Amino acid sequence: MRLLCPRPPSLEGMGEFKVHRVRFFNYVPSGIRCVAYNNQSNRLAVSRTDGTVEIYNLSANYFQEKFFPGHESRATEALCWAEGQRLFSAGLNGEIIEYDLQALNIKYAVDAFGGPIWSMTASPSGSQLLIGCEDGSVKLFQITPDKIQFERNFDRQKRSAIHKMNVDRRYMGVSKRKCIVWGVAFLSDGTIISVDSAGKVQFWDSVTGTLAKNHLIANADVLSIAVADQEDSFVVGTAEGTVFHFQLVSVTSNSNEKQWVRTKPFQHHTHDVRTVAHSPTALISGGTDTHLVIRPLMERVEVKNYDAALRKITFPHRCLVSCSKKRQLLLFQFAHHLELWRLGSTVATGRNGDTLPLSKNADHLLHLKTKGPENIICSCISPCGSWIAYSTASRFFLYRLNYEHDNISLKRVSKMPAFLRSALQILFSEDSTKLFVASNEGSLHIIQLLEGNFKHLHAFQRLSGTVEAMCLLAVSPDGNWLAASGTSAGVHVYNVKLLKLHCTVPAYNFPVTALAIAPNTNNLVIAHSDQQVFEYSIPDKQYTEWSRTVQKQGFHQLWLQRDTPITHISFHPKRPMHILLHDAYMFCIIDKSLPLPNDKTLLYNPLPPKNESDVVQRRTAHAFKISKIYKPLLFMDLLDEKTLVAVERPLDDIIAQLPPPIKKKKFGT
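Below you will find a few notes about this structure. Note that the structure is predicted; figures quoted are calculated from it, not measured. (Residues numbered from 1 in each chain as written. Predicted model: local features only at pLDDT ≥ 70, side-chain atom pairs only at ≥ 80, totals over all residues. Heavy atoms only, no water.)

**Comments concerning empty space enclosed by the protein**
Counted by the stated rule, this structure contains five cavities of 30 Å³ or more. Roughly 100 Å³ of volume is contained in the largest cavity. In this structure, the largest cavity is lined by 16 residues; those nearest its centre are Gly490, Pro506, Tyr508, Val512 and His528. Here the residues of the lining of the largest cavity are counted per class, giving twelve nonpolar, four polar and no charged. (1 Å grid on protein atoms, 1.4 Å probe; cavity = no way out; pocket = protein on both sides within 12 Å on 5 of 7 lines; lining within 4 Å. Points joined across faces, edges and corners; volume = space filled by probe spheres on them. Nonpolar A, V, L, I, M, F, W, Y, C, P; charged D, E, K, R; others polar.)

**Some words on the pattern of salt bridges**
Should their charged atoms come close, side chains of opposite charge can pair. Applying the stated criterion across every chain yields a total of 15 salt bridges. Its salt-bridge partner being aspartate 583, residue arginine 562 comes within 3.0 Å of it at the nearest N-O pair. Highlighted residues: arginine 562 in the loop between α2 (557-560) and β49 (568-572) and aspartate 583 in the loop between β50 (575-582) and β51 (587-591), separated in sequence by 21 residues. For arginine 562, a relative accessible area of 13% gives the class buried. Look at aspartate 583 and you get buried, because its relative accessible area is 2%. Here the residues in one salt-bridge network are Arg21, Arg23 and Glu648, joined through shared partners. (Salt bridge = Lys/Arg side-chain N within 4 Å of Asp/Glu carboxyl O. Helix = DSSP H or I, 4+ residues; strand = E, 2+ residues; numbered from the N terminus. Buried < 20%, exposed > 50% of the residue type's maximum accessible area, 1.4 Å probe, protein only.)

**Here we look at the nonpolar core**
Counting 35 residues, the largest nonpolar core has Leu87, Phe396, Leu398, Ile426 and Leu435 as its most contacted members. A total of four residues in this core trace back to one element, the largest contributor, which is strand β37 (residues 423-428). What leucine 398 contacts, discounting residues up to four positions off in sequence, is Trp387, Ile388, Ala389, Lys411, Arg412, Val413, Met416, Leu435 and Leu449. (Core = buried A, V, L, I, M, F, W, Y, C linked by side-chain atoms within 4.5 Å. Contact = heavy atoms within 4.5 Å.)

**Observations regarding the sheet that holds strand β35 (residues 396-404)**
The antiparallel open sheet is built from four strands, whose spatial order is β33-β34-β35-β36. Of all the strands in the sheet, the pair left with one neighbour each is β33 (378-381) and β36 (407-412). Taking each pair of neighbouring strands and ignoring which way they run, the sheet shows an average axis angle of 20°. Here β33 runs beside strand β34 (residues 387-391); their pairing, made up of four bridges, is antiparallel. Within the sheet, the bridge partner assigned to serine 379 lies in β34 and is tyrosine 390. (Pairing = 2+ DSSP bridges. Axes fitted to C-alpha atoms, helices over the stretch in contact; angles between N-to-C directions.)

**Observations concerning the pairing of strand β4 (residues 43-48)**
Among the six residues of β4, five are classified as buried, and the element is accordingly described as predominantly covered. Here six bridges tie strand β3 (residues 32-38) to β4, and the two strands are oriented antiparallel to one another. Its bridge partner being in β4, alanine 36 is matched across the sheet by alanine 45. In textbook terms, the turn of a hairpin is the stretch between consecutive antiparallel strands, and for β3 and β4 this stretch comprises four residues, one of which, asparagine 42, has a positive phi near 55°.

**Quick word on the sheet that holds strand β20 (residues 210-216)**
Spatially, four strands are ordered β17-β18-β19-β20 in an open sheet, and the strand pairing comes out antiparallel. Here the strands that pair on one side only, and so sit at the sheet edges, are β17 (181-186) and β20. Here the average twist between neighbouring strands, direction ignored, is 20°. As paired elements, strand β18 (residues 191-196) and strand β19 (residues 200-205) share five bridges and run antiparallel to each other.

**Some details on unusual backbone geometry**
Residue lysine 631 is joined to proline 632 through a cis peptide bond whose omega torsion reads -15°. Counting through the fold element by element, proline 632 comes out in the loop between β52 (624-627) and β53 (633-640). Phi is positive for asparagine 522, close to 55°, though the residue is something other than glycine. Positive phi is not limited to glycine here, since glutamine 531 has a value of about 75°. Note that glutamine 531 resides in the loop between β46 (523-528) and β47 (533-537).

**Observations regarding the environment of proline 124**
On the secondary structure map, proline 124 appears in the loop between β11 (117-122) and β12 (128-133). On the basis of relative accessibility, which here comes to 92%, the residue proline 124 falls in the exposed class. Here the alpha-carbon distance between proline 124 and glutamate 83, two residues 41 residues apart in the chain, equals 9.8 Å.

**A word on the environment of threonine 314**
Summarising the element assignment, threonine 314 is placed in the loop between β28 (311-313) and β29 (321-324). Classification of threonine 314 as buried rests on a relative accessible area of 5%. Sequence separation between threonine 314 and proline 29 is 285 residues, and the spatial gap between their C-alpha atoms is 7.4 Å. With residues up to four places along the chain from it excluded, the contact list for threonine 314 reads Pro29, Arg48, Thr290, His291 and Leu651. Here histidine 291 takes part through its side chain, which lies 2.7 Å from a polar atom of the side chain of threonine 314. (Polar contact = N/O pair within 3.5 Å; in protein donor to acceptor, adjacent residues only side chain to side chain.)

**Digging into helix α1 (residues 545-553)**
Those residues of α1 that sit buried are Trp546, Ser547 and Val550. In a view along the axis of α1, the buried residues occupy a sector of 100°, so they form one face of it. Residues Glu545 and Lys552 are exposed on α1 and point more than 90 degrees away from its buried face. Turning to α1, the residues buried within the fold contact β47, β48 (542-543), β50 and β51. (Arc of directions from axis to C-beta.)

**What to know about the packing of aromatic side chains**
Evaluation of the coordinates by the stated rule reveals 22 aromatic pairs. Linked through ring pairs, Phe24, Phe25, Tyr27, Phe315, Phe332, Phe334 and Trp341 together constitute an aromatic cluster. Here the basic side chain of arginine 318 rests over the ring of phenylalanine 67, its NZ or CZ set 3.6 Å away from the ring centre. For arginine 562, the ring lying beneath its charged end belongs to tryptophan 559, and the centroid distance is 4.1 Å. (Phe/Tyr/Trp six-rings, centres within 6.5 Å; stacked < 30°, edge-to-face > 60°. Lys NZ or Arg CZ within 6 Å of the ring centre and 35° of its normal.)

**Here we look at the pairing of strand β14 (residues 148-154)**
Within a regular strand, side chains alternate between the sheet's two faces. Two elements, strand β13 (residues 138-143) and β14, share six bridges in a ladder whose sense is antiparallel. Across the sheet, valine 138 pairs through a bridge with phenylalanine 154, a residue of β14. Connecting β13 to the antiparallel partner β14 that follows it, the hairpin turn spans four residues.

Take a look at the structure:
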């Protein structure tokens, strides 16, 4: 779908914009296979069906602060934390993997020699790993400081088991040929809880091996279970998309006797809930519909701010789109290929809000498939449109593009240096003469681009005392300054001409989600996961007066309560007082010349203006001009002084490409 329309009526006072409304980025996130909650760090690990692993910082407004790209041969079936902050996964290729959470790569992989691995858990002390293999064996590994070491093998039990507990094969009163137990939990009081394909949650006495209680909760499989650390609550997920909450409650008000009671069912998924987790304050679920859902337990949330809001996270908290403004091109990043599109055009005119017919449709110019099984980590097209660069976990690719009328040719730049083996972020200079690369080894490289070739100019090495890699970059329009940020460290600013560190922005408690350097002033604008926005003068090495005013007065309460991070920042070339930024559900222009809104002010008015005086009033009311017309918004930027491009990905389009969900029989049908 391609639309071109004048500026939306909710963006009064910012000049006349035409908006390319792009909906042909056919991006579909991979389904969620496993989640693992770490109570010590309040972080959540999520694995997807393509092997991608994501880390969410729940204390930082649920920001996706790290990710490890997927791999075609790495289907993850189990994920767990051990030894405090160490993360492990296992899957159908039979390997156990540990992740380096600082360098953002795989530390090592160990073959368990038991075939595909279907389950894994850490011991209560966190010093051992137990895995369940396809061959029926259970293997025990000791976690050492640098690796894991095989300790012993528990062969498939035939006659020496303590108890054999047979689950009821009946389903809705009808005997089934086979009943599969999809998950178990072992409580400290000896209770075993099982969930199975007959739609049951069952409680067993581990001492006697007998069934104590049975709950039939679904007309389909119960696929997953997770228990709270205090063992007074647990959550299960079903193939019908329903999540059930069980709590241990007193039988009577004066009794010490307690029983498990199903208290709350939630329906936030359309498909199988393949995995669940239980934090101290929330129920967490994920599955085939690709959504990560975080449902707060209101009775356990102390502060009723954004922590009390239901979260449904669908899109990655990083940009998958880059733009060549000069040639009106968009580069879309998928897991295993890139697509290059030329925007359409129109000669028609219209009034505000009109949809204009296209005189020339958008063109799909290029489909660039990766070589090998690894997912793409990052990609970028140069502003001039003549270069494309992308990276996987082990290879870096650079291409030169040539345009002749409607034809395009592509030539790969060969013999890339070994130190560019893997990049976490890639960025071209505004004049397309330099390429900036953040490697997973912590270094920043400057590459000079020549006609079909390159020259390595300099490498900024990892600063002493820092261990994490840089994953966000911003370069000034004049090419003199480079800003780089990791997931938790401060922002470092480098002088590209003198090839040295210029300054470090004072550290802040929340991760950086986006950053950009303004033209002319060289002010660095930084957005954080708690929705704070700072402006830092690079030449003066201090926060600007506007930024100090903002921090003194504070942002509007509704601005701070937004639950998706800012992922892109840009500037208007002719309006130096304007900052353009967006998250997945709003586009905003901040006019620094106008007063900030206070909490009593209407931050956003969804209604169209009544008359011309209403337009003028809104134009001068306060600094924040917000539009929520375009959503979910994966990318938005200025193409020129009067043209915006907005890349949307409607959720209905994603759901339409998923396998059909289980059909529920409605009453009376």
